[in-house]
Amino acid sequence: AGRLGALVVGVPSGQRFRLGAGLPDADRERPPPVGSWVTYRFRGNHDSGVPRFASFVRVRDDMPPTR
């Protein structure tokens, strides 16, 4: 309770999905700012185009937040 469960991630195609697997406790307690770029792994796509089994890897410090 009181911690982040998942990030809502948007991809260039306009689709959004929730990314919770792989998030470390530190990021759950202090989530990245809205508009931050993140790297994630996935295993193919669902028929809708959303990534399957997406797992958080890191916040990209080399890209400034977009908001």
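The structure displayed is predicted, hence computed values, not measured ones. (Residues numbered from 1 in each chain as written. Predicted model: local features only at pLDDT ≥ 70, side-chain atom pairs only at ≥ 80, totals over all residues. Heavy atoms only, no water.)

Okay, the layout of surface pockets next. Over the atoms rolls a probe the size of a water molecule, and in doing so it shows where empty space is left. Empty space within the largest pocket amounts to approximately 680 Å³. Residue lining of the largest pocket: 19 residues in total, with Val8, Val9, Gly10, Gly35 and Ser36 positioned closest to the centre. Elements supplying a minimum of two residues to the lining of the largest pocket: β1 (7–10) and β3 (38–41). Residues belonging to the lining of the largest pocket are distributed by class as follows: 13 nonpolar, four polar and two charged. (1 Å grid on protein atoms, 1.4 Å probe; cavity = no way out; pocket = protein on both sides within 12 Å on 5 of 7 lines; lining within 4 Å. Points joined across faces, edges and corners; volume = space filled by probe spheres on them. Helix = DSSP H or I, 4+ residues; strand = E, 2+ residues; numbered from the N terminus. Nonpolar A, V, L, I, M, F, W, Y, C, P; charged D, E, K, R; others polar.)

Looking now at the side chain of Asp27. Position of Asp27 relative to the elements: it lies in helix α1 (residues 25–29). Of the side chains with opposite charge, Arg30 comes closest to the buried, unpaired Asp27, at an N-O distance of 7.0 Å. The residues contacting Asp27, other than those within four sequence positions of it, are Leu4, Pro32 and Phe56. (Buried < 20%, exposed > 50% of the residue type's maximum accessible area, 1.4 Å probe, protein only. Lys, Arg positive; Asp, Glu negative; His and termini not counted. Salt bridge = Lys/Arg side-chain N within 4 Å of Asp/Glu carboxyl O. Contact = heavy atoms within 4.5 Å.)

Charged atoms that come close allow side chains of opposite charge to pair. Tallied over the entire structure, the rule returns three salt bridges. Between Arg3 and Glu29 there is a salt bridge; the shortest N-O distance is 3.5 Å. Placement of Arg3 in the segment before β1 and of Glu29 in helix α1 is noted, with a sequence separation of 26 residues between them. According to the relative accessible area criterion, Arg3 is partly exposed, its value standing at 42%. The shortest N-O distance in the salt bridge between Asp62 and Arg60 comes to 2.9 Å. What makes Asp62 exposed here is its relative accessible area of 51%.

Within the fold, Arg28 resides in helix α1. Buried and unpaired, Arg28 has Asp25 as its nearest opposite-charge partner, separated by 4.6 Å. Residues in contact with Arg28, not counting those within four places in the same chain, are Arg3, Leu4, Gly5, Gly20 and Leu23.

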